Each structure stands twice: as C-alpha cells, then as structure tokens.
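In case you want the letters, here they are:
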Amino acid sequence: GAVVSQHPSRVICKSGTSVKIECRSLDFQATTMFWYRQFPKKSLMLMATSNEGSKATYEQGVEKDKFLINHASLTLSTLTVTSAHPEDSSFYICSARGTYSNQPQHFGDGTRLSIL
Amino acid sequence: EDQVTQSPEALRLQEGESSSLNCSYTVSGLRGLFWYRQDPGKGPEFLFTLYSAGEEKEKERLKATLTKKESFLHITAPKPEDSATYLCAVQAVTQGGSEKLVFGKGTKLTVNP
C-alpha cells in the first residue's frame, strides 16, 4: 500500500521551456502533498506544501511564480517549472500524506530535470 | 533552528557485520522521527516512525530506537541488498504553524559480499 507515482522520471529540455511534473497517490487519498528538491550529497529541501483545494504554501526563498503547484484532487498534484533555466536543473521529488500530520509521507521516485 | 545530523556520512560493512547509524536532532517539540531508505535515482522508501523516547521498532534486519536527543538505526547481519542511503527526518512546526519534515543528509551504507 501507500504507492506514489511521479511522472516523468526524466526530462531534458531547452532553456525557456516550461515543464510539468505530475504526482499521483495510487491507493490512498493524499490530503497533503509536498514537493522537494534534492542536490547531490545534500538534504532533501522542502519547496512547498499543498493541501487539496487550497493554495500551496511555499518555503522561504522559493519563487511561487517560478514553481507553480496545483493540487486539484486528493490523488493528484502537479509542479510546473516555468521558463526553466540551467540553474533549475535538479532532482525533484514529491510526497503524499494522509489526513493526520504524524502519518508518514510516501515518496514518488523523483524527476531528474536537465535544462540545456 | 530545527536540525538533523546523521553520522557517519558513509559506512562500509562486510556481509554479516552488524553496526549502527546515528541521527541526532534538535527540534522544538518532537512530533515524530522518521527513517527512510533511498536507493540511487529513486525516492525515499518509508521504514519507521518513532514518536517518543524509549520507543523501538523492528523490520527484518533493521531496528530503530529513539532517545530525547538521538535515534539509532541498528543493522543486524546486513546483506548486500541493504546497501542504500538511509535518511532520518524529524517532524517540525513551520513559522506558519504547519508541519514539515526536516531531513538529515543521510548515511550511505555499502555492504560488501
């Protein structure tokens, strides 16, 4: 149980392109979804938290106009990197959690984004 | 500031050689401590949640324990398939009042046959 699917797994695109990443909870209702960025040999860094039907809450230093998050249903959240540039290249991972805050987050397998 | 420090950064073991990974934390009001396993190019896989000092949980060759300042992940008689990066995270409360996980940098475990 508690399977989270993230798609695509890898994206390579030109600078200036917008890229959409999907995160789906397959077998549970995800009241809250999270988007992280991971750099080599660094901690997972939380970018934003989204609750179904509400606007996302962004962490300090994360540009909300750059990283658009939509959480329209209890099973789907999307992250759109708008007008991506090489410095946006990274490993993006989503997670999903049920109703209670002390429940574990379950993670997708990540998206490797490379901007040329 | 909420912080999680994991040690060692990397650990090499021979198959069958038991050891422990450490996770020390400072957090204002622990709501939960989580252990995850992450394989290269994949997302973290949930292992355990610990909520209070003295709590222990086991799963196959892994056992997690918790004190007021740190958690240990004990690996008994490891096998090569236990090779992965093990991440520790604590549940913290943000300035806005919501809760989030604060992760350590992980311990990369390699088990040689």
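Please read all numbers here as calculations on a predicted model, not as lab measurements.

Participant: Any details on the overall build of chain B? Residues and values, ideally.
Facilitator: The secondary structure content of chain B amounts to zero helices and eleven strands. Traced from its N-terminal end to its C-terminal end, chain B shows the element sequence β-β-β-β-β-β-β-β-β-β-β. By the compact-globule yardstick of 13 Å for 113 residues, chain B fits well, its C-alpha radius of gyration being 14 Å. Projected onto its principal axes, the C-alpha coordinates of chain B cover approximately 50 × 30 × 20 Å. Looking at the 113 residues of chain B, the share that counts as buried comes to 44%. Here the analysis covers contacts within chain B between residues at least 6 apart in sequence; of these, 54% occur between residues at least 24 apart. Carbon together with sulfur atoms contributes 46% to the accessible area of chain B, which is approximately 5700 Å² in total. The positive charge centre, built from 14 side chains, and the negative charge centre, built from 15, are 2 Å apart in chain B.

Participant: Describe the interface of chain A and chain B, naming the residues involved and giving the relevant values.
Facilitator: It is common to give the size of an interface as the accessible area that goes away when the parts come together. Each partner contributes residues to the interface: chain A has 21 residues there, and chain B has 19 residues. Between chain A and chain B lies a buried interface of about 1600 Å² when both sides are counted; carbon and sulfur atoms form 52% of it. Counting across the interface, chain A meets chain B through two salt bridges. Taking the shortest distance from any N to any O, the salt bridge between glutamate 59 of chain A and lysine 100 of chain B comes out at 2.9 Å. The interface formed by chain A and chain B includes five residue pairs in polar contact (both at pLDDT 80 or more). Going through the elements one at a time, strand E4 (32-38), strand E5 (44-51), strand E9 (90-97) and strand E10 (106-107) of chain A are the ones with two or more residues in the side of chain A that touches chain B. Of the residues belonging to the side of chain A that touches chain B, the class tally is eight nonpolar, eight polar and five charged.

Participant: Could you give an account of the environment of valine 4 of chain B, with specific residues and numbers?
Facilitator: All names here are of chain B. With respect to the element layout, valine 4 can be found in strand E1 (residues 3-7). When its relative accessible area of 13% is taken as the criterion, valine 4 is described as buried. Beyond its immediate chain neighbours, meaning those up to four positions away, valine 4 contacts Cys23, Ser24, Tyr25, Cys88, Val90, Val102, Phe103 and Gly104.

Participant: Lay out the state of the cysteines with the relevant residues and their values.
Facilitator: Scanning the entire structure with this criterion turns up two disulfides over all chains. In this model, cysteine 23 of chain A is linked to cysteine 94 of chain A through a disulfide, with the two sulfur atoms separated by 2.0 Å. Here cysteine 23 of chain A and cysteine 94 of chain A share a disulfide; its torsion about the S-S bond, 80°, makes the bridge right-handed. Of this pair, cysteine 23 of chain A sits in strand E3 (residues 19-25) while cysteine 94 of chain A sits in strand E9, and the two are 71 residues apart along the sequence. You can call cysteine 23 of chain A buried: its relative accessible area is 0%. Here cysteine 23 of chain B pairs with cysteine 88 of chain B through a disulfide, and the sulfurs are 1.9 Å apart. Where cysteine 23 of chain B bonds to cysteine 88 of chain B through sulfur, the torsion about that S-S bond is close to -60°, and the disulfide is left-handed. Here cysteine 23 of chain B, found in strand E3 (residues 19-26), pairs with cysteine 88 of chain B, found in strand E9 (residues 84-93); they are 65 residues apart in sequence, far enough to count as distant. With relative accessibility at 0%, the residue cysteine 23 of chain B sits in the buried group. With no disulfide of its own, cysteine 13 of chain A lies closest to cysteine 94 of chain A among cysteine sulfurs, the gap being 18 Å. A residue is classified by how much of its surface remains accessible, and cysteine 13 of chain A, at 12% relative accessible area, is buried.

Reading the values: the criteria
- Think of each chain on its own: its residues are numbered from 1, step by step along the sequence as written.
- As a convention, the first chain written is A and the first ligand written is 1, with the rest following in written order.
- Totals for whole chains, interfaces and linings use every residue, but because this is a predicted model, local features are given only for residues with pLDDT of at least 70 and side-chain atom pairs only at 80 or more, for both listing and counting.
- Excluding hydrogens and water, the side-chain figures rest on all heavy atoms present in the structure.
- A run of H or I in DSSP counts as a helix once it spans at least four residues, and a run of E counts as a strand once it spans at least two, with each numbered from the N terminus.
- The globule rule used for comparison is 2.2 Å times the number of residues to the exponent 0.38, while the radius of gyration itself is calculated over C-alpha atoms.
- Exposure is judged per residue with a 1.4 Å probe applied to protein chains only, and the accessible area is read against the type maximum: over 50% gives exposed, under 20% gives buried, and values in between give partly exposed.
- By the convention used here, residues are in contact when the closest approach between their heavy atoms is within 4.5 Å.
- Under the convention used here, a 1.4 Å probe and the Shrake-Rupley method define accessible areas, while residue burial counts only the protein chains that appear.
- For this count, His and the chain ends are skipped, Lys and Arg are scored as positive, and Asp and Glu as negative.
- We put the charge of a Lys on NZ, of an Arg on CZ, of an Asp on CG and of a Glu on CD.
- Summed over both partners, buried area is the accessible surface (1.4 Å probe) that two parts give up on being assembled.
- Here, a salt bridge means any Lys or Arg side-chain nitrogen found within 4 Å of an Asp or Glu carboxyl oxygen.
- Any N or O atom pair separated by 3.5 Å or less is treated as a polar contact, with the protein-specific requirement of one donor-capable and one acceptor-capable atom, and with residues adjacent in sequence counted only for side-chain atom pairs.
- The classification used treats Ala, Val, Leu, Ile, Met, Phe, Trp, Tyr, Cys and Pro as nonpolar, Asp, Glu, Lys and Arg as charged, and all other residues, Gly among them, as polar.
- Two cysteine sulfur atoms form a disulfide, by the criterion used here, when they sit within 2.5 Å.

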